[in-house]
Amino acid sequence: MTTTTTTDQGATDPSATDPGATDQGATDPGASAHGATDPTGETMERTTAQAPGTARPTAPHAPDAERLRRWRMVLGADSADSTGCTLTGQDAAMDGALNALYGGGTGKKPGVGRGAGGRSAGLGASAPSVARWLGDIRTYFPSSVVQVMQRDAIDRLGLAALLLEPEMLEAVEADVHLVGTLLSLNKAMPETTKETARAVVRKVVEDLEKRLESRTRATLTGALDRSARISRPRHRDIDWNRTIRANLKNYLPVPGPAGAGGAGDPGGAGGTVGRGTIVPERLIGYGRASRSAKKDVILCIDQSGSMAASVVYASVFGAVLASMRTLSTRLVVFDTAVADLTDQLDDPVDVLFGTQLGGGTDINRALAYCQSKITRPADTVVVLISDLYEGGIRDEMLKRVAAMKASGVQFVTLLALSDEGTPAYDHEHAAALGALGAPAFACTPDLFPDVMAAAIEKRPLPIPDKETHQ
């Protein structure tokens, strides 16, 4: 058996017979061609072996086969016929699961096709087929991908109604977005499904609490201690390190004994080194721990449909803040009506099922209610979480914010409290609030403790994106 290496620079021309020519048309049936490129721009290697009197191409090398398999998975059956790659086994099952959602069956409920060839969009309308599909994607894809596919299925294929069935809820991968969907379906949910739905929501809430609670407590406890600093502490409460630093300008040198060098003359004959003293004109310390709340926090949450993830995170944070004795926390949710859910803060699941996602928005009405609950403005932080699409009276809303700030309230405006990036929001209202000294910006859950700590200490807020600060 012989092998010849040539340069494949052109299209294949089976009729080319010049044995001395450079292979510009694949003229040597026993040639191993190098130089063809795949869509990634990488060089592909193909090998053909010459048997006596015959020319038969062999299977691609392993690297080529893997590249073709990946292209076939990316392009799907409709666009990947030219790869000549046939999927089998788990690859075929994964391909079918993807095609049920992203293939030609868009707009219908997914049912996985398992043909060994291309993606067969087997789209059944029955709940069992959807349950199988949900089970398949959990088998073949990591959790983060499963959550994205579930979200796309709800949006693209209209599967929200199926989440009202207990067997569907048991099959899905729970995340914040699924909780938001369940809350939007709360009123339509049959009694047989509600317990399963609560179990799904509770799992997500408990995971979020584990992730967020310890850092929130540590950050805010430090901020509350610092905010309680007093200038006339008792002796046992003096912070000596800070007191000394604050009074270094009051240092007074004291000369040594007679005949000895002074403070500036350590080499005096037989004398001792002179010493100085600091006159503590200003004492700095902390007040004693008190069982009474040091700060009041009011979370005012827009429960319109676009704020679903923010409602979930805000409810969890509300429960964490309410568990801190040094904070008095109130949670208010609103659309065109206002609901005070403070008495349910011991269980964020109850808070979430007390919301009603969707409907209009009346920020002015919600702020009027919050304003009526403020009893000590200088020690109050109001956090408005809204995309600022106001359906109420805009000018009245701005007047209320200005009045609260003038009275000493720390006012924070969050366009979103989620990991989803910059949200859609009313830029005009955001600019107006910024002009009042209440900058509006999106906030991730990990940044929220720092934002609250800055508000409690009355420091500048850690705004992540200055361009959003209108």
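About the cut-offs
Residues numbered from 1 in each chain as written. Predicted model: local features only at pLDDT ≥ 70, side-chain atom pairs only at ≥ 80, totals over all residues. Heavy atoms only, no water. Pairing = 2+ DSSP bridges. Helix = DSSP H or I, 4+ residues; strand = E, 2+ residues; numbered from the N terminus. Right-handed = clockwise from strand over helix to strand, strands pointing away. Salt bridge = Lys/Arg side-chain N within 4 Å of Asp/Glu carboxyl O. Buried < 20%, exposed > 50% of the residue type's maximum accessible area, 1.4 Å probe, protein only. Axes fitted to C-alpha atoms, helices over the stretch in contact; angles between N-to-C directions. 1 Å grid on protein atoms, 1.4 Å probe; cavity = no way out; pocket = protein on both sides within 12 Å on 5 of 7 lines; lining within 4 Å. Points joined across faces, edges and corners; volume = space filled by probe spheres on them. Nonpolar A, V, L, I, M, F, W, Y, C, P; charged D, E, K, R; others polar. Patch = residues over 30% accessible without salt bridge, like charges linked within 9 Å, V, L, I, M, F, W, Y side chains within 5 Å. Areas by Shrake-Rupley, 256 points an atom, 1.4 Å probe, with all protein chains shown as cover. Expected span 1.5 Å × (residues − 1).

**With respect to the pairing of strand β15 (residues 440–443)**
- Alignment of strand β14 (residues 410–417) against β15, held across four bridges, turns out to be parallel. In the strand pairing of β15, Ala416 is matched with Ala442.
- Taken together, β14, helix α13 (residues 427–435) and β15 constitute a β-α-β crossover, and its handedness is right-handed.

**Brief notes about the pattern of salt bridges**
- On inspection of all chains with the given rule, the structure shows 13 salt bridges.
- The residue Arg211 makes a salt bridge to Asp419 at a minimum N-O spacing of 3.7 Å. Placement of Arg211 in helix α7 (residues 191–227) and of Asp419 in the loop between β14 and α13 is noted, with a sequence separation of 208 residues between them.
- Its relative accessible area of 37% is what places Arg211 among the partly exposed residues.
- Ionic pairing is found between Glu457 and Arg459, a salt bridge with its closest N-O pair at 3.3 Å.
- On the basis of relative accessible area, Arg459 is assigned to the partly exposed category, the value being 38%.
- Salt bridges here are not isolated pairs; linked through shared partners, they connect Arg211, Asp419 and Asp446.

**Quick notes on the sheet that holds β15**
- Pairing in this open sheet of six strands is mixed, and the strands run β12-β11-β10-β13-β14-β15 from one edge to the other. Since the sheet does not close on itself, it has two edges, and those belong to β12 (338–340) and β15, each with one partner. With strand direction ignored, the average angle separating the axes of adjacent strands in the sheet is 25°.

**Here we look at the layout of surface pockets**
- The space that makes up the second largest pocket amounts to roughly 390 Å³.
- Forming the walls of the second largest pocket are 27 residues, and the residues nearest its centre are His177, Ser306, Ala308, Ala309 and Glu420.
- Contributions of two or more residues to the lining of the second largest pocket are made by α4 (143–157), α6 (176–184), α9 (308–322) and β14.
- By residue number, the principal contributor to the lining of the second largest pocket is α6, which donates six residues.
- Split by residue class, the lining of the second largest pocket holds 11 nonpolar, 11 polar and five charged.

**A closer look at unusual backbone geometry**
- Residue Leu388 is not a glycine yet carries a positive backbone phi of 70°.
- When you line up the elements, Leu388 lands in the loop between β13 (380–385) and α12 (394–406).
- The exposure class assigned to Leu388 is buried, which follows from its relative accessible area of 0%.

**Looking at a nonpolar patch on the surface**
- On the surface, Trp240, Ile244 and Leu248 cluster together to form a nonpolar patch covering roughly 300 Å² of accessible area.
- One can find Ile244 in helix α8 (residues 240–246).

**Topic: helix α2 (residues 89–102)**
- For α2, which comprises 14 residues, the first-to-last C-alpha distance of 20 Å matches the rise-based estimate of 20 Å (1.5 Å per residue) to within 8%.
- A large share of α2 lies buried, amounting to 11 of its 14 residues.
- Buried within α2 we find Asp91, Ala92, Ala93, Met94, Asp95, Gly96, Ala97, Leu98, Asn99, Ala100 and Leu101.

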